[in-house]
Amino acid sequence: MTDEEFTVEVEGEVIHLRGDLDANTAPLLDDAVRGVVESGAERVVLDLAEVAFVDSRGLRSMVQARGPAGDRDVVLRSPSRAAARILEITGLEAHFRIET
Amino acid sequence: MIDDDEPVGTEPPAFDVTVAGARTGPTVWLRGELDLHSAGRLRTVLHDTLADPGRTVTLDVAGLTYADSVGLSLIVAGHRRATSEGGRLVVRDPQGPIRRVLDVSGLLEVLEIEDTSDADPSDLPDHLLVWLNGFEDRVDSPVLLDDELVPDFSLPVWLARVHDGYPDAVTAAVFGAGADTGERVARTLHGHGVRRFRGDTTPTSLVDLRRWADAVVAGEPGVDVDVRERIVLVVSELAANVERHAPGWLLVDLAPFDGAVLVGVTDSRPVVLPRRPEQAAGLAWRGGLDVVRSVCDGFGLVTRPRTKTVWATIGTIGAGTTEEAT
């Protein structure tokens, strides 16, 4: 949890997230993922190092980043404590490539 | 639900509707008097049970002691609707006065009647969905719901009428916790020592709410970082659900509860009950309530005429106060 505003920065195939990824901010991630995919990138990297909070809607965005068939390569890079925790709680960590 | 105080003599007329058995087609038990007052509940039940075209719905009327023209026309309408959609509405075991009125009105020929020799209206299965739309229900003991009828949380679901200390509460469903938990939860939410957040479902509110919850539980004895994060997560998930499914105002309560922390999120939509969303590609996980389930010890809901509360307990619930259902 943070007082900072949620921000999304795209750098090639890498999407840097900062702040609380929740029901209100997750659509911004969806847009960013769409942009990266449309740019022709072969994989999507989500940099979660500065994510302070993740709720189920945020998780859904990560899941959806894998594409409709769930076969797109999505890397979760440096998950923060909060991000790692909810991925573990939900068992979703097994469905992503996680780079620490 | 199987209540012993059958109306006799001067007892006021009572009416019970019970539904069970989702797998093969539901059975609806009617007990008491079906008249203008109670017809609304039958209408709701028939509407819901006949929503899937082609099903066979059994209407057990053995316990019905009276039916007026409104009630009968509902049954006839249900029969027409079912048959027009390739399904059936079976009227089972009409007795005494009900059989006579069906006979006199010619409905015995119109409806599909089934007579079973050993009909016993009190012979209900173990897993039930009890319909509690009306206040007049006299359900005093918790009932195990058929979890198939409640979106599949694959947990035993208890339902009890809450009438002690929280008089406007109609039902409390408890997922995966002991039978009396719902009632005690409702009492706790109504009592002292509750920290309350009033807000609405705007984006600002969700952030403020998390900050508030974190600050409230930060100083509580026995609440470590792990419990604190779980509480904040649950508060946020439940409030986000309100934002999505029941927009308007919301109240969030935090209260000590048997050594755990009780989170209650109240909104203005009593009829929108929690559901699991569709599965995402290849994943068992299905969304917010799965998250809530993963981090809480018990959760459930309390519905009232104009509001509902979805609640969860987080932390360790004191030994001997709830019976762990599996």
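Quantities reported herein were computed from a predicted structural model and do not represent experimental measurements.

A. Here's a closer look at the overall build of chain A. Tallying secondary structure elements over chain A gives 3 helices and 5 strands in all. Reading chain A from its N terminus to its C terminus gives the helix and strand order β-β-α-β-α-β-α-β. For chain A, buried positions account for 48% of its 100 residues. Sequence-distant contacts, at least 24 apart, represent 61% of the contacts inside chain A between residues at least 6 apart. A total of about 4600 Å² of accessible surface is found on chain A, and carbon and sulfur atoms cover 45% of it.

B. Fine view of the overall build of chain B. In terms of helices and strands, chain B carries 8 helices and 14 strands. A separation of at least 24 residues holds for 62% of the contacts in chain B among residues at least 6 apart in sequence. Here chain B displays about 14700 Å² of accessible surface, and carbon together with sulfur accounts for 51% of that area.

C. Geometry of the pairing of strand E14 (residues 308-315) of chain B. Residues and elements named next belong to chain B. Counting buried residues along E14, 8 of its 8 residues qualify, which places the element largely inside the surrounding structure. As defined by bridge partners, strand E12 (residues 260-267) adjoins E14 across 8 bridges and the pair is classed as antiparallel. Its bridge partner being in E14, glycine 264 is matched across the sheet by tryptophan 311.

D. Representation of the environment of aspartate 214 of chain B. Residues and elements named next belong to chain B. Position of aspartate 214 among the secondary structure elements: in helix H6 (residues 203-218). Judged by its relative accessible area of 17%, aspartate 214 is buried. Taking the C-alpha atoms as reference points, aspartate 214 and valine 235, separated by 21 residues in sequence, lie 9.7 Å from one another.

E. Representation of the confidence of the model for chain B. All names here are of chain B. Model confidence for chain B is summarised by a mean pLDDT of 68, while 59% of its residues fall at 70 or above. No element of chain B has a lower mean pLDDT than strand E6 (residues 129-130), at 28, and none a higher one than strand E4 (residues 88-92), at 91. The model gives residues 118-156 a pLDDT under 50, and that stretch makes 118 contacts with residues more than four places away or in other chains. The model gives residues 317-326 a pLDDT under 50, and that stretch makes 18 contacts with residues more than four places away or in other chains.

F. Looking closely at the packing of aromatic side chains. Residues and elements named next belong to chain B. Per the stated rule, a full pass over the model turns up 1 aromatic pair over all chains. Here phenylalanine 197 and tryptophan 212 contribute two aromatic rings whose centre-to-centre distance is 5.4 Å and whose plane-to-plane angle is 50°, an arrangement assigned as tilted. With phenylalanine 197 in strand E10 (residues 195-200) and tryptophan 212 in helix H6, the pair connects residues that are 15 residues apart, well separated along the chain. In this pair, the class of phenylalanine 197 matches that of tryptophan 212, namely buried.

G. Representation of the side chain of arginine 210 of chain B in the model. Examined against the element boundaries, arginine 210 of chain B turns out to sit in helix H6. With a relative accessible area of 0%, arginine 210 of chain B lands in the buried category. Apart from residues no more than four positions distant in its own chain, arginine 210 of chain B is found in contact with Met1, Asp20, Asp22 and Phe53 of chain A together with Val232 and Ser236 of chain B.

H. Region of the structure containing the nonpolar core. In this structure, Ile15, Leu21, Leu46 and Met62 of chain A together with Ile231, Leu254 and Val263 of chain B are the most contacted members of the largest nonpolar core, which totals 59 residues. Here this core gets 10 residues from one element, more than from any other, and that element is helix H7 (residues 225-245) of chain B. Excluding anything up to four places from it in sequence, isoleucine 231 of chain B contacts Val217, Val223, Leu254, Val261, Val263 and Ile314 of chain B. Ranked by size, the runner-up nonpolar core spans 24 residues in total, among them Leu30, Leu34, Ala67 and Leu107 of chain B.

I. Quick look at helix H2 (residues 56-65) of chain A. Residue and element names in this part refer to chain A. When you tally the buried positions in H2, you get 8 out of 10 residues, the bulk of the element. Among the residues making up H2, those that are buried are Ser56, Gly58, Leu59, Arg60, Ser61, Met62, Val63 and Ala65. Of the residues flanking the start of H2, the one acting as N-cap is aspartate 55, its side-chain oxygen 3.0 Å from the backbone nitrogen of arginine 57. Immediately downstream of H2, the backbone of glycine 67 shows phi near 90°, a positive value.

J. Looking closely at unusual backbone geometry. A positive phi is found at serine 78 of chain A, a non-glycine position, where the angle reads about 45°. Here serine 78 of chain A is to be found in the loop between strand E4 (73-77) and helix H3 (81-90). In this structure, aspartate 93 of chain B is a non-glycine residue whose phi angle is positive, near 55°. Among the structural elements, aspartate 93 of chain B can be located in the loop between E4 and helix H3 (96-104). A residue is classified by how much of its surface remains accessible, and aspartate 93 of chain B, at 2% relative accessible area, is buried.

K. Representation of the pattern of salt bridges in the model. Inspection of every chain in the model, using the stated rule, returns 20 salt bridges over all chains. Each of Arg81 and Arg85 of chain A together with Asp226, Glu229 and Arg230 of chain B takes part in salt bridges that share partners, so that together they form one network.

L. Focus on the sheet that holds strand E2 (residues 14-21) of chain A. Residue and element names in this part refer to chain A. Spatially, the 5 strands line up as an open sheet ordered E1-E2-E3-E4-E5, and their pairing is mixed. Each edge of the sheet is formed by a strand with only one pairing partner; in this case those strands are strand E1 (7-11) and strand E5 (97-99). Neighbour-to-neighbour, the strand axes of this sheet turn through a mean angle of 25°, independent of strand direction. Strand contacts of H2: E2, strand E3 (43-54) and E4, with the helix running at about 175° to E3, the strand carrying the most contacts. Relative to E3, H3 is tilted by about 105°, and along the sheet it contacts E3 and E4.

M. Summary view of the packing of H3 of chain A against H7 of chain B. Between H3 of chain A and H7 of chain B, the least distance of the axes is 12 Å, while the angle of their chain directions is 75°. Comparing the axis directions of H3 of chain A and H7 of chain B gives the class roughly perpendicular. Note on element contacts: H7 of chain B touches H3 of chain A through Val225, Asp226, Glu229, Arg230 and Leu233 of chain B, opposite Arg81, Arg85 and Ile86 of chain A.

Calculation criteria
Residues numbered from 1 in each chain as written. Chains lettered and ligands numbered in written order. Predicted model: local features only at pLDDT ≥ 70, side-chain atom pairs only at ≥ 80, totals over all residues. Heavy atoms only, no water. Helix = DSSP H or I, 4+ residues; strand = E, 2+ residues; numbered from the N terminus. Buried < 20%, exposed > 50% of the residue type's maximum accessible area, 1.4 Å probe, protein only. Contact = heavy atoms within 4.5 Å. Areas by Shrake-Rupley, 256 points an atom, 1.4 Å probe, with all protein chains shown as cover. Pairing = 2+ DSSP bridges. pLDDT = per-residue confidence, 0-100. Phe/Tyr/Trp six-rings, centres within 6.5 Å; stacked < 30°, edge-to-face > 60°. Core = buried A, V, L, I, M, F, W, Y, C linked by side-chain atoms within 4.5 Å. Polar contact = N/O pair within 3.5 Å; in protein donor to acceptor, adjacent residues only side chain to side chain. Salt bridge = Lys/Arg side-chain N within 4 Å of Asp/Glu carboxyl O. Axes fitted to C-alpha atoms, helices over the stretch in contact; angles between N-to-C directions. Parallel < 35°, antiparallel > 145°, perpendicular 65-115°, else oblique.

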